[in-house]
Amino acid sequence: MPSRSIDTPIGTLGLVATEAGLSRVRWSAKGLPDASCTALDDAAAQLEAYFAGELTAFDLPLDLHGTEFQRRCWLALATIPYGQTVSYGEQARRIGLGPDSARAVGAANGQNPLPVVLPCHRVIGADGSLTGFGGGLALKRFLLEHEGALLPLG
C-alpha cells in the first residue's frame, strides 16, 4: 500500500492508501515509506487546506475496513458540520440507535482509522466535556479550537 507523510500543525501525519482510496491517517509517519498516488496527493492537499483554514469538509475516496457497525459510526462522523460538536448519544441517535448505545459508538470512534478526515474530534461527552481521543485530549482541543468549536484556553 502506498504511503506518505505530511507535516501539519499537529505534527507529521502518516497517510496510507489502497487503490480504492485513503485507508488510514496515522498520528506518526514513522516507518512509512514515501510514495505518490492520486489518493495520497489529494488527501495531503486537502489536509493542508484544512489546517490553513481553507477547507471545512473533506471529499476523498475512502477505503474503510471495519465491522458494519464501525463503518456506520465512522461515516456518520463526516456528517457533523465543521465547527460543531455532538455528544456520543447524539451520534448514536443519528445512526438510528438509542442513547444507551453511546458507549458502543465511543468504542467504534476510538477505532476510527481516519482521524481528522472523519472528524471524531467533534464528538464530546453529554456534559460538554472533552473525552476520549486517539491523539490525546490536547490535540482534540486544538482541532476544536482550530474549527472555532471551542474558545482557546487562557
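Below or above, wherever it landed, is the structure these notes cover. Keep in mind it's a predicted model, so treat the numbers as computed, not measured. (Residues numbered from 1 in each chain as written. Predicted model: local features only at pLDDT ≥ 70, side-chain atom pairs only at ≥ 80, totals over all residues. Heavy atoms only, no water.)

A count of helices and strands for the chain gives five helices and five strands. Seen in sequence order, the chain has helices and strands lined up from the N terminus as β-β-β-α-α-β-α-α-β-α. The globule rule puts the C-alpha radius of gyration for 154 residues at 15 Å, and the 15 Å found for the chain is close to it. Over its C-alpha atoms, taken along the principal directions, the chain stretches across nearly 45 × 40 × 25 Å. Going through the 154 residues of the chain one by one, you find that 44% of them count as buried. Considering only residue pairs separated by 6 or more positions, the chain has 54% of its internal contacts joining residues 24 or more positions apart. In the form shown here, the chain has an accessible surface area of approximately 7,700 Å², with 52% of it arising from carbon and sulfur atoms. A gap of 8 Å separates the mean positions of the 12 positive and 15 negative side-chain charges of the chain. (Helix = DSSP H or I, 4+ residues; strand = E, 2+ residues; numbered from the N terminus. Rg over C-alpha atoms; globule rule 2.2 N^0.38 Å. Buried < 20%, exposed > 50% of the residue type's maximum accessible area, 1.4 Å probe, protein only. Contact = heavy atoms within 4.5 Å. Areas by Shrake-Rupley, 256 points an atom, 1.4 Å probe, with all protein chains shown as cover. Lys, Arg positive; Asp, Glu negative; His and termini not counted. Charge placed at Lys NZ, Arg CZ, Asp CG, Glu CD.)

Now for the nonpolar core. Leu-15, Leu-22, Leu-47, Phe-58, Val-116 and Val-117 are the most contacted members of the largest nonpolar core, which has 40 residues in total. The element contributing the most residues to this core is helix 1 (residues 38–51), with eight residues. Not counting chain neighbours up to four residues away, the residues in contact with Val-116 comprise Ile-10, Trp-27, Leu-47, Tyr-50, Phe-51, Phe-58, His-121 and Leu-143. (Core = buried A, V, L, I, M, F, W, Y, C linked by side-chain atoms within 4.5 Å.)

Here we come to helix 4 (residues 102–109). What helix 4 keeps buried is the set Ala-102, Val-105, Ala-108 and Asn-109. Each buried residue of helix 4 sits inside an arc of 120° when the element is viewed along its axis, so together they form one side. For helix 4, the secondary structure elements touched by its buried residues are helix 2 (68–77), helix 3 (88–94) and strand 5 (123–124). (Arc of directions from axis to C-beta.)

This part is about the side chain of Glu-147. Tracing the backbone through its elements, the reader meets Glu-147 in the segment after helix 5 (137–146). Among the polar contacts made by the side chain of Glu-147, one reaches the side chain of Arg-122 at a distance of 2.8 Å. Not counting the four nearest positions on each side in its chain, Glu-147 is found in contact with Tyr-50, Tyr-82, Gly-83, His-121 and Arg-122. (Polar contact = N/O pair within 3.5 Å; in protein donor to acceptor, adjacent residues only side chain to side chain.)

Moving on to the environment of Cys-73. When you line up the elements, Cys-73 lands in helix 2. Contacts of Cys-73, omitting those with residues within four sequence positions, involve Gln-91, Ile-95, Val-105, Ala-108 and Asn-109.

When the charged atoms of two side chains lie near each other, side chains of opposite charge can form a pair. Applying the stated rule across the entire model yields five salt bridges. A salt bridge links Glu-147 to Arg-122; its shortest N-O distance comes to 2.8 Å. In this pair, Glu-147 sits in the segment after helix 5 while Arg-122 sits in the loop between helix 4 and strand 5, placing the two residues 25 residues apart along the sequence. You'll find Glu-147 and Arg-122 in the same group, each marked buried. (Salt bridge = Lys/Arg side-chain N within 4 Å of Asp/Glu carboxyl O.)

This part takes up the layout of surface pockets. Empty space within the largest pocket amounts to approximately 260 Å³. For the largest pocket, the lining is made up of 17 residues, of which Asn-109, Gly-110, Cys-120, Phe-133 and Gly-134 are closest to its centre. With three residues, the top contributor of residues to the lining of the largest pocket is strand 3 (residues 21–26). Looking at side-chain class alone, the lining of the second largest pocket contains 11 nonpolar, one polar and two charged residues. (1 Å grid on protein atoms, 1.4 Å probe; cavity = no way out; pocket = protein on both sides within 12 Å on 5 of 7 lines; lining within 4 Å. Points joined across faces, edges and corners; volume = space filled by probe spheres on them. Nonpolar A, V, L, I, M, F, W, Y, C, P; charged D, E, K, R; others polar.)

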